[in-house]
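Next come the chains, spelled out residue by residue.
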Amino acid sequence: MLREECCIPLNWNVELCRAEIMHYLGLPRYDLDTDYYEGFCLEQNKGFVVAKSWTAEAVAGLPYIASQLQALGLLDQVGHCQIFVCRPRHIGLWHLDGVDRHASINFPLFNTEHGKVDWTVDDIECIKETSVYTTHSVPVDRGAFHRVEHSSVLTGVQLLKTDIWHRLDNADNTLHRVVFSIRFKTNPLYETLRPIFESQV
């Protein structure tokens, strides 16, 4: 499995993205309010959670991100946005994203440089599991070993393939990993979106 089969970096200004996401959504700086982010994990009693979810209208309050999507003809395809929080030293379950979602755009907010996303091509028997904001597929045998085919650290904006088995490995991170994500309402394939984003210079 090649890296570009799992994710590709986007040539977007990550600092500008982070600043407008935090400002519009009213998110506190991690170093000033760590308890805010831990609170989502405590509330759901999980190490890796969808902390919050917003409708597509939220992107209208993110002018730089909206302009990038508009330039690609994808602004009206935005379905919803979410914040993901992972506890320090936590390894998430292998999973397939909810509603059989094929792809997402992920934005690093805090402490993403020491966590990573892993992908595997193993054939995994699964069941559906529902949480606060989504329903996704998880392994029947949660403790089984699966070979990691590729890993990626989120240091900039990325397009990710989410319809193959993947997990978040935050084991080497002493801090909460916080990510903002955009999902598409028409659920386009990663393979459809990839050349669109690769055409952007």
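Refer to the preceding data block for the structure.
The rules behind the values
Residues numbered from 1 in each chain as written. Predicted model: local features only at pLDDT ≥ 70, side-chain atom pairs only at ≥ 80, totals over all residues. Heavy atoms only, no water. Phe/Tyr/Trp six-rings, centres within 6.5 Å; stacked < 30°, edge-to-face > 60°. Helix = DSSP H or I, 4+ residues; strand = E, 2+ residues; numbered from the N terminus. Buried < 20%, exposed > 50% of the residue type's maximum accessible area, 1.4 Å probe, protein only. Expected span 1.5 Å × (residues − 1). Contact = heavy atoms within 4.5 Å. Polar contact = N/O pair within 3.5 Å; in protein donor to acceptor, adjacent residues only side chain to side chain.

Visitor: Explain the packing of aromatic side chains here, please?
Guide: Two measures describe an aromatic ring pair: the distance that separates the ring centres and the angle between the ring planes. Evaluated as defined, the whole model comprises nine aromatic pairs. Arranged with centres 6.0 Å apart and planes meeting at 45 degrees, the rings of Trp 12 and Phe 107 form a pair that is tilted. One end of the pair, Trp 12, is in the loop between β1 (7–9) and α1 (14–25); the other, Phe 107, is in strand β4 (residues 103–110), with 95 residues separating them in the sequence. According to the relative accessible area criterion, Phe 107 is buried, its value standing at 1%. For the ring pair Phe 107 and Phe 180, a centre distance of 5.6 Å and an interplane angle of 55 degrees mean the geometry is tilted. Taken as a pair, Phe 107 in strand β4 and Phe 180 in strand β11 (residues 177–184) lie far apart in primary sequence, 73 residues in all.

Visitor: Whenever I open this one, α1 confuses me. Can you help?
Guide: Working note: α-helix, 3.6 residues per turn, so residues spaced by three or four point in the same direction. The terminal C-alpha atoms of α1 lie 16 Å apart, and with twelve residues this matches the ideal 16 Å at 1.5 Å per residue to within 8%. Those residues of α1 that sit buried are Val 14, Cys 17, Arg 18, Glu 20, Ile 21, Met 22 and Leu 25. The secondary structure elements touched by the buried residues of α1 are β2 (48–55), α3 (63–71), β4 and β11. The distance from a side-chain oxygen at the start of α1 to the backbone nitrogen of Glu 15 is 3.1 Å, and the residue carrying that oxygen is Asn 13. Just downstream of α1, Gly 26 is the residue with a positive phi angle, here 70 degrees.

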